[in-house]
Amino acid sequence: MTKPTFRVQPASALARQRRAQRVLLATIFLLFALYLVGHAFFGPRQAASVLPLSAAWADEAPAPASAARAAAFATAAAVPANASETTRAGAASQALSAAASPDLVKRGQYLTRVGDCMACHTADKSRPFAGGVPIKTPFGTIYTSNITPDNETGIGRWSDTEFLRAMHEGIGRDGKRLYPAFPYTEYTRVLPQDVLAIRAYLNTLAPVHFTPPTTDLKFPFNQRWLMVFWNLLNFDEGRFVPQPSQSAAWNRGAYLVQGLAHCEECHTPRNLTEGLKSGARFAGAAQEGWHAFNLTSDKNSGIGGWSEDDIVSYLASGVAPGRANAAGPMAQVVADSTQYLDSVDLRSIAVYLRTLPPVSSGESRPRDGWGQPANDVTALRGQAPTGAHGAQLFVANCASCHHWSGQGIGASAPLAYPSLLHNSVVGASSADNLVLVILKGVQRTTRHADVFMPGFGEQLTNDQIAALTNYLTQQFGNPQTWVSAAQVQALRAP
Ligand code: HEC
Ligand code: HEC
Ligand code: HEC
């Protein structure tokens, strides 16, 4: 193949990025000027109408997925609509906690897993939830906070109102603006009683006395108050509003996916200011070098061909047999979060995902719709091995587990070695994820299995990995993709 479809980052991309940053800066300062002018004219009168939180979530009785959820929704809805949100949340949580406190904590633990707080707030397994995970951005590194109930270094002294405000508005203690690396843009949709259940669970954790490293961003991004403008452009504050025309399962799925589970943080592409692109929701995006695939109902570019069972199986175990396996950041999502979801919630997520409006990026076949079994292995046996021969590298390094035909071993058993034919990573229109799987392997621990494929980044050179990848995509995957040694090198250290 002579036409690489792989994304390259030449110098012009850098220049474009710098230009984009300058445009962003200019926009921020223009908005600031407008804000000052506006403030001078309307300041005191406007204050009251700008600040109150949206109360939309309780006005309509939603169709809940189970009796327990019906009760929870009803408790919150029973409080008069003109009561402040804190009063309503308080009433909801009081009703719940008075009834059964251990249940509240258990529900909180479940919801904490749905929100995957662990993934971002645990840098060291011996200090769970104590923060310190570095999140790299184009403007510098943000470190996550300690959210254990430690009084000095954690959130032990926070009131429930302060915790709600952080989750719903992205505002920390003392009015400090939080960076959107904390997904408050999604958590804002979570009902107050669910946020307070999470708080109740976090309160039961052992306090860890640990101060994470200080966030280090370049000027002007180190000015937290500027997030006011970022929010104007990219943040829609307000609780999830159920759609009466949709089923209970759909609403529950939408509530989880758009809210706590924050799937869009990885699966929706970003705009110039790093906000989510509202015109291309769930259309797929880059995440730490990986491609978080298109999840829309498009038959070729998305997962429109997947059944509900396929989606449930993938989220519960990391495997949709004959279609996809979860590696990289998605393996972590499955291991830390979605494997713990109950079957009602998983089914609801599947129902909702299957209705996402299709967004096509031009693929002619689904990712899992490619591949022929290899039949040329006997021919290779007589040949002397060369340095970067894709088929030989495959037989030498991969065939012991994935079979020389590429069809895998063990079919769809929990610890099977998957087929490389009809696999979404091998058939994707960009080979990024395939190269990353070869470089880093696959690790995923769930209740179902302790899945492990070794990484080959140490043994194989860039030339060898490029040759191997191009053999795999030609034989088992999308033959239109092509990768060079330089691109493999770029993926070694994204
Ligand atoms: C995608 C990563 C990510 C996830 C997931 C995440 N957080 Fe965070 N969180 C952050 C970052 C980054 C910060 C620090 C933001 C800053 O410094 O402005 C933060 C800050 C916070 C703060 C403010 C703490 C302070 O001292 O100001 C709270 C509270 C919080 N997170 C709670 C949670 C809870 C509860 C969950 C799960 C429901 C969660 N976070 C999930 C990234 C994450
Ligand atoms: C931290 C980033 C991240 C988050 C959060 C995330 N995903 Fe993913 N997702 C990925 C990546 C990366 C892949 C590709 C995995 C691979 O190549 O094996 C992926 C793959 C998938 C796939 C398989 C698509 C295919 O064709 O193979 C599905 C389905 C999926 N994600 C659903 C979800 C859902 C539902 C959520 C929310 C509950 C979610 N993801 C949250 C990063 C993420
Ligand atoms: C020791 C056994 C073993 C070897 C050797 C091995 N693999 Fe794997 N491979 C696995 C396992 C286990 C999985 C993950 C299965 C799962 O997700 O349930 C996997 C998954 C994969 C996937 C799917 C990843 C995804 O996200 O969909 C690809 C592609 C793959 N391997 C390619 C290769 C290639 C190429 C080689 C040779 C360089 C190789 N494997 C060598 C065991 C192996």
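Shown above is the structure to which this text applies.
Residues numbered from 1 in each chain as written. Chains lettered and ligands numbered in written order. Predicted model: local features only at pLDDT ≥ 70, side-chain atom pairs only at ≥ 80, totals over all residues. Heavy atoms only, no water.

A.B. asks: How should I be thinking about the pattern of salt bridges in this particular structure?
C.D. replies: Oppositely charged side chains may form a pair once their charged atoms are brought near each other. In this structure the tally under the stated criterion is 13 salt bridges. Residue arginine 239 is joined to glutamate 237 by a salt bridge in which the shortest nitrogen-to-oxygen separation is 2.9 Å. On the basis of relative accessible area, arginine 239 is assigned to the buried category, the value being 4%. A salt bridge links aspartate 309 to arginine 347; the shortest N-O distance between them is 3.0 Å. Remark: arginine 347 occurs in helix H14 (residues 343–353) and aspartate 309 occurs in helix H12 (residues 308–317); sequence separation between them is 38 residues. (Salt bridge = Lys/Arg side-chain N within 4 Å of Asp/Glu carboxyl O. Buried < 20%, exposed > 50% of the residue type's maximum accessible area, 1.4 Å probe, protein only. Helix = DSSP H or I, 4+ residues; strand = E, 2+ residues; numbered from the N terminus.)

A.B. asks: Just to check I follow, could you spell out the coordination of the iron atom of ligand 2 for this structure?
C.D. replies: Coordination angles at a metal have ideal targets, namely 109.5 degrees for four tetrahedral donors and 90 or 180 degrees for six octahedral donors. Binding of the iron atom of ligand 2 to the protein goes through His267 (NE2) and Met330 (SD), at separations of 2.1 to 2.3 Å. Coordination at the iron atom of ligand 2 is octahedral, judged from the 6 donor atoms that bind it and the angles of 86 to 179 degrees they form at the metal. Of the two residues, histidine 267 is situated in helix H11 (residues 264–267) and methionine 330 in helix H13 (residues 328–336); the sequence distance between them amounts to 63 residues. As far as burial versus exposure is concerned, histidine 267 and methionine 330 are alike and both buried. (Donors = N, O, S within 2.8 Å, 3.2 Å for Na, K, Ca; no water. Tetrahedral: all angles 85-135°; square planar, octahedral: opposite > 155°, others 65-115°.)

A.B. asks: Help me understand the coordination of the iron atom of ligand 3, please; the structure alone is not making it clear to me.
C.D. replies: Coordination of the iron atom of ligand 3 by the protein comes from His402 (NE2) and Met453 (SD), over a distance range of 2.0 to 2.2 Å. For the iron atom of ligand 3, the 6 donor atoms are set out with angles of 86 to 180 degrees between them, so the coordination reads as octahedral. Taken together, the residues span a long stretch of sequence, with histidine 402 in helix H17 (residues 399–402) and methionine 453 in strand E9 (residues 450–453) at a distance of 51 residues. For histidine 402, a relative accessible area of 11% corresponds to the buried category.

A.B. asks: Could you clarify how one ought to interpret the site of ligand 2 in this entry?
C.D. replies: Taken together, 26 residues form the shell around ligand 2, and within it Cys263, Cys266, His267, Met330 and Ser424 come nearest. Contact between ligand 2 and asparagine 325: an oxygen atom at 3.0 Å from a main-chain N or O atom of the residue. Contact between ligand 2 and serine 424: an oxygen atom at 2.6 Å from a side-chain N or O atom of the residue. Among the secondary structure elements, those contributing two or more residues to the shell around ligand 2 are H11, strand E5 (290–292), H12, strand E7 (324–325) and H13. Here the shell around ligand 2 is composed, by residue class, of 18 nonpolar, 7 polar and 1 charged. Of the residues that make up the shell around ligand 2, three or more belong to each of domain 2 (248–269 + 280–367) and domain 3 (368–492). (Near = heavy atom within 4 Å. Polar contact = N/O pair within 3.5 Å; in protein donor to acceptor, adjacent residues only side chain to side chain. Nonpolar A, V, L, I, M, F, W, Y, C, P; charged D, E, K, R; others polar. Domains from an automatic or database assignment.)

A.B. asks: Explain the side chain of histidine 121 to me, please; I cannot follow it from the model alone.
C.D. replies: For histidine 121, the position within the fold is in helix H5 (residues 117–121). A residue is classified by how much of its surface remains accessible, and histidine 121, at 13% relative accessible area, is buried. Among the polar contacts made by the side chain of histidine 121, one reaches the main-chain carbonyl oxygen of serine 145 at a distance of 2.8 Å. If we skip the residues at most four places from it in the chain, histidine 121 touches Phe129, Ala130, Gly131, Val133, Thr144, Ser145 and Ile147. (Contact = heavy atoms within 4.5 Å.)

A.B. asks: Quick question: what am I supposed to make of the side chain of aspartate 336 here?
C.D. replies: In this structure, aspartate 336 sits in helix H13. In this structure aspartate 336 touches Arg113, Asp116 and Ala119, once residues within four positions along its chain are discounted.

A.B. asks: Help me understand the packing of helix H4 (residues 101–114) against helix H8 (residues 192–203), please; the structure alone is not making it clear to me.
C.D. replies: At a minimum axis separation of 7 Å, H4 and H8 run at an interaxial angle of 100 degrees. If you check the angle between H4 and H8, you find them roughly perpendicular. Between H4 and H8, the residues in contact are Leu104, Val105, Arg107, Gly108, Gln109, Leu111 and Thr112 and Gln193, Asp194, Ala197, Ile198, Ala200 and Tyr201, respectively. Looking at side-chain class alone, the contact of H4 with H8 contains 7 nonpolar, 4 polar and 2 charged residues. (Axes fitted to C-alpha atoms, helices over the stretch in contact; angles between N-to-C directions. Parallel < 35°, antiparallel > 145°, perpendicular 65-115°, else oblique.)

A.B. asks: Any chance you could explain the packing of aromatic side chains here in plain terms?
C.D. replies: Pairs of aromatic rings are described using the distance from one ring centre to the other and the angle between the two planes. Summed over all chains, the structure comprises 11 aromatic pairs. Look at tyrosine 471 and phenylalanine 476: their rings are 6.0 Å apart centre to centre, the planes differ by 85 degrees, and that puts the pair in the edge-to-face class. Here a set of aromatic residues connected by ring pairs shows up, and it is made of Phe182, Tyr184, Tyr187 and Phe235. When the ring centre of tyrosine 340 is taken as origin, the NZ or CZ atom of arginine 113, which lies over that ring, is 3.7 Å away. (Phe/Tyr/Trp six-rings, centres within 6.5 Å; stacked < 30°, edge-to-face > 60°. Lys NZ or Arg CZ within 6 Å of the ring centre and 35° of its normal.)

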